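Notes for the structure review
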Amino acid sequence: MNAAPRSRRLRATVAMALVFALVAVFVVRLADIQLVQAAELNDQSQNKREISQVTYGDRGDILASDGTVLAGSVTRYNITAAPAFAKTRTITETDADGKKTKTTLTVEQVMAQVAEITGGDADAMYESITKDPTANFAYLVKGVDVDAFRAVRDLKNSGISYLYYERQSARTYPNGSVAGNLTGFIGTDGPQAGLELSADQCLAGTNGSETYERGADGVQLPGSTVTTKKAVPGGSLTLSIDKDLQYMTQQALAEQAQAIGAESATAVVMKADTAGLLAVADYPAVDPNDVDGTAVDNLGSLAFTASYEPGSTFKAMTAAMLLDSGTATPTSPATVPYSRSFPWGGSIHDAVFHPTENLTLTGILRDSSNVGISLLGENLSAQARYDYMVKFGLNEPTAVGFLGEPTQGVRDVSSWDEQTSINSMFGQGVSTTAVHLASIFQTLANHGERLPVNLVEKCTAPDGTVSQTPSTEGTRVVSPYAADTTVNMLEKVVSDGDLKDVLTIPGYRVAAKTGTAEVAKSDGTGYGSDRIVSVAGIAPAEDPQYVVVVTFTKPSTIKTSAAAAPTFNKIMSQVLEMYRVPPSTEPAPDIPETW
């Protein structure tokens, strides 16, 4: 009779013991989860649920002086995926009639569709998403345009929830090669050349970040996005470059370079009273949208970086030195033979044979006589001439600070030999760049005051703050008398010189100097048959406003400055017309050229 109750009590006791044991297990496990492993498990959960991604700060634009975009940013997208959620999915598509159809797609089929939309590699995408099946992130394809992004987004919204995307900026150059030598370009590793690199501090945006949460199925949870760091766009860089003039200058330069078979060419247009660069053209040109189509040596700007012996264009500077120092006047006489020999065994000669002539300094410039300029120039010491060259800025980069600018164009006078001392008066044995030469003529046009060459007008930050404005502090190089008189003498080159029919611009007084420089042999054994031909000039001469320098390197047909004269005329004529410069009304001074 009592066995049954005892049996029931035993069973109840055992049951209670089991319950307590089970509860104890749960309590221990709960304590382990909530206390011992809480931080680790929370991190694991958060890592699977909370996704962080970069938000890109757009790069600022590079603008021409009128606001035209020379380099800008466009929106592009990187397509990504979450391999841990990648599996066969059923998508729902709706046709034009509103009819819905369901399609089952494997991961491989989805990758094929993404590849077809974006032009990517389906096999590479499939490998990327299957390489680590537990990963939460993998790149599929980078830099797709907006249309491709929208198509991928539609695919995601139809049911492929493991696809994601991130916005980024890509660089574009809407005007192609126009000023491409100046803007530089962006590569896969960031800014590579030109202003893109040197002005990166102004242009670069600051990236931000944001997070969002997703559910167990990999779908982003609506309203879960949180910005953790705000992206800041870069500033805009405004140049002094006139886009239309730059285009025309590049076209004129390329046309003549090809016609005369030149290896390369440069053209510079500068405003006399500001030293602002209105056009800087190079041939061959570079299109930043297609840098692979340009030789490596031409990816920068030859006008800023290519050193060359300028030849007779230097005589304008030598004449200004002589006038400023009081060593000569415009009518200083010289008896000028065709050639001249020296005690150390060296010799010089003029470009064209002529009988001995009685020329003034003005006549020497008109005829571009090497012998004549040496006869008058040697009355000024080599040290004094060197000091003037330094004041003209030949031994320092321009204020632009363009990448690759040479730092020294004239060796210290202590290293000159007797021949270099003579040759330097007519631009041999020294070197310069096209922009430096334009700066010399800007100094003469600006009444003897050299201004810092400028290419960047300003950097404007997103908040409107303006910085990087050019300096206007000039350097007095020669007196106004010396500069203005040199300009007046250079008018004789245009009105009475051998190239007057090509250099003359009807209605305007133009001052210019031609140059035909010998090119040193690569083995250092003297000069060969190659030439660098150029014309540098100022207009209008009575009120100098613009400087134009044109240079062609190693032409194969015409090897004298006659090859550069038509292009100089074309560019200067365009400048005077574009900027509505009134024609000259005063006659040029009549300075004697012979005695």
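Residues numbered from 1 in each chain as written. Predicted model: local features only at pLDDT ≥ 70, side-chain atom pairs only at ≥ 80, totals over all residues. Heavy atoms only, no water.

The protein chain has the name Cell division protein FtsI in an unreviewed UniProt entry, where Frigoribacterium faeni is given as its organism. The annotation that UniProt attaches to the protein chain under Sequence similarities (unreviewed entry) is "Belongs to the transpeptidase family." Under Subcellular location (unreviewed entry), UniProt gives the following word-for-word description of the protein chain: "Membrane". (UniProt positions renumbered as here; feature names shortened; annotations may be inferred.)

Brief notes about the overall build of the protein chain
Scanning the protein chain from terminus to terminus reveals 19 helices and 25 strands. Burial statistics for the protein chain: of 595 residues in total, 47% are counted as buried. Here the contacts in the protein chain between residues at least 6 apart in sequence split such that 71% fall between residues at least 24 apart. Surface accessibility of the protein chain: about 27,400 Å² in total, with carbon and sulfur atoms responsible for 51%. (Helix = DSSP H or I, 4+ residues; strand = E, 2+ residues; numbered from the N terminus. Buried < 20%, exposed > 50% of the residue type's maximum accessible area, 1.4 Å probe, protein only. Contact = heavy atoms within 4.5 Å. Areas by Shrake-Rupley, 256 points an atom, 1.4 Å probe, with all protein chains shown as cover.)

Let's talk about the packing of aromatic side chains
Counted according to the given criterion, the structure contains eight aromatic pairs. Here Y386 and W416 contribute two aromatic rings whose centre-to-centre distance is 6.3 Å and whose plane-to-plane angle is 80 degrees, an arrangement assigned as edge-to-face. You can see Y386 sitting in helix 14 (residues 382-391) and its partner W416 sitting in the loop between helix 14 and helix 15 (418-423), a full 30 residues away along the chain. Of the two residues, Y386 and W416, neither departs from the other in class, the shared state being buried. Here the aromatic rings of Y546 and Y579 are separated by 5.2 Å at their centres, their planes lie at 15 degrees, and the arrangement is stacked. (Phe/Tyr/Trp six-rings, centres within 6.5 Å; stacked < 30°, edge-to-face > 60°.)

Re helix 13 (residues 370-377)
With seven of its eight residues buried, helix 13 lies for the most part within the structure. Looking at helix 13, one finds that the buried residues are N370, V371, G372, I373, S374, L376 and G377. With a side-chain oxygen lying 3.5 Å from the backbone nitrogen of V371, the N-terminal cap of helix 13 falls on S369. (Polar contact = N/O pair within 3.5 Å; in protein donor to acceptor, adjacent residues only side chain to side chain.)

A look at the sheet that holds strand 14 (residues 277-283)
Adjacent strands of a sheet pair through backbone hydrogen bonds, lying either parallel or antiparallel. If you trace the five strands from one edge of the open sheet to the other, you get 14-13-25-24-23, paired in antiparallel fashion. Each edge of the open sheet carries a strand with a single partner, namely strand 14 and strand 23 (511-520). For this sheet, the mean inter-axis angle between neighbouring strands, taken without regard to orientation, is 10 degrees. Relative to strand 25 (residues 546-553), strand 13 (residues 264-271) runs antiparallel, the two being bridged by eight bridges. Paired with T266 across the strands is T551, a residue of strand 25. Taken strand by strand, helix 9 (residues 243-260) contacts strand 13, strand 14 and strand 25, and its axis lies near 30 degrees from that of strand 14. Taken strand by strand, helix 17 (residues 480-496) contacts strand 23 and strand 24 (527-539), and its axis lies near 75 degrees from that of strand 23. (Pairing = 2+ DSSP bridges. Axes fitted to C-alpha atoms, helices over the stretch in contact; angles between N-to-C directions.)

What about the state of the cysteines?
Under the defined criterion, the tally for this structure stands at one disulfide. The disulfide partner of C202 is C459, and the gap between their sulfur atoms is 2.1 Å. Because the torsion about its S-S bond is 95 degrees, the bridge between C202 and C459 counts as right-handed. In this pair, C202 sits in helix 8 (residues 200-203) while C459 sits in strand 20 (residues 456-460), placing the two residues 257 residues apart along the sequence. Its relative accessible area of 5% is what places C202 among the buried residues. Owing to a relative accessible area of 5%, C459 belongs among the buried residues under this scheme. (Disulfide = S-S within 2.5 Å.)

Looking at the pattern of salt bridges
Applying the stated rule across the entire model yields 17 salt bridges. Salt-bridge contacts for R366 lead to D367; the nearest nitrogen and oxygen are separated by 2.7 Å. We classify D367 as partly exposed; its relative accessible area is 32%. The salt bridge involving E542 is made with R509; its shortest N-O contact spans 3.9 Å. Of this pair, E542 sits in the loop between strand 24 and strand 25 while R509 is found in the loop between helix 18 (500-503) and strand 23, placing the two residues 33 residues apart along the sequence. Residue R509 is classed as buried on the basis of its relative accessible area of 11%. If you follow the salt bridges from partner to partner, you end up with R366, D367, K492, D496, D590 and E593 in one network. (Salt bridge = Lys/Arg side-chain N within 4 Å of Asp/Glu carboxyl O.)

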